[in-house]
Amino acid sequence: MPEPTPHPVPSATRTWLALLLLTGLSALTTAHAAHPLWRLAAALAVALLCALKGRLLLRGYLHPDQAGPVFARLIGGFAALAPALLVVTAVLEVWRAMGA
């Protein structure tokens, strides 16, 4: 049986390239937002991309599952904090813009 060949691109490099792509998508998402509802949609898309980037960082670099369940929950909660706050601030911004 032949030996499996290693992947030509290391895992850390693949993770970094995926993060770079997601960052570019985030920038493109916010380029054309003018109406408050479009800004909300763009902010929600950026929050989703931010959450994906957090998961990539956890899986590609931090490996919290190897450090124990408490650390895994702590770092997972921290990674979820930024996208959650993006959603809250986007909703508040739209609420103020629509109410004004």
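These figures come from a predicted structure and were not determined experimentally.

1. Describing unusual backbone geometry
Step number 1: At His63, a position not held by glycine, the phi torsion is positive, near 50°.
Step number 2: With respect to the helices, strands and loops of the structure, His63 is situated in the loop between α2 (36–62) and α3 (69–99).

2. Here we look at the confidence of the model for the chain
Step number 1: Confidence in the prediction for the chain averages 83 pLDDT; 87% of positions are at 70 or higher.
Step number 2: Averaged over each element, pLDDT in the chain is lowest for helix α1 (residues 11–29) (83) and highest for α3 (89).

3. Details of the packing of α2 against α3
Step number 1: Between α2 and α3, the shortest axis-to-axis distance is 9 Å and the interhelical angle comes to 175°. The angle between α2 and α3 places the two elements in the roughly antiparallel class.
Step number 2: The residue makeup of the contact of α2 with α3, split by class, is 22 nonpolar, 2 polar and 2 charged.

Thresholds applied
- Residues numbered from 1 in each chain as written.
- Predicted model: local features only at pLDDT ≥ 70, side-chain atom pairs only at ≥ 80, totals over all residues.
- Heavy atoms only, no water.
- Helix = DSSP H or I, 4+ residues; strand = E, 2+ residues; numbered from the N terminus.
- pLDDT = per-residue confidence, 0-100.
- Axes fitted to C-alpha atoms, helices over the stretch in contact; angles between N-to-C directions.
- Parallel < 35°, antiparallel > 145°, perpendicular 65-115°, else oblique.
- Nonpolar A, V, L, I, M, F, W, Y, C, P; charged D, E, K, R; others polar.

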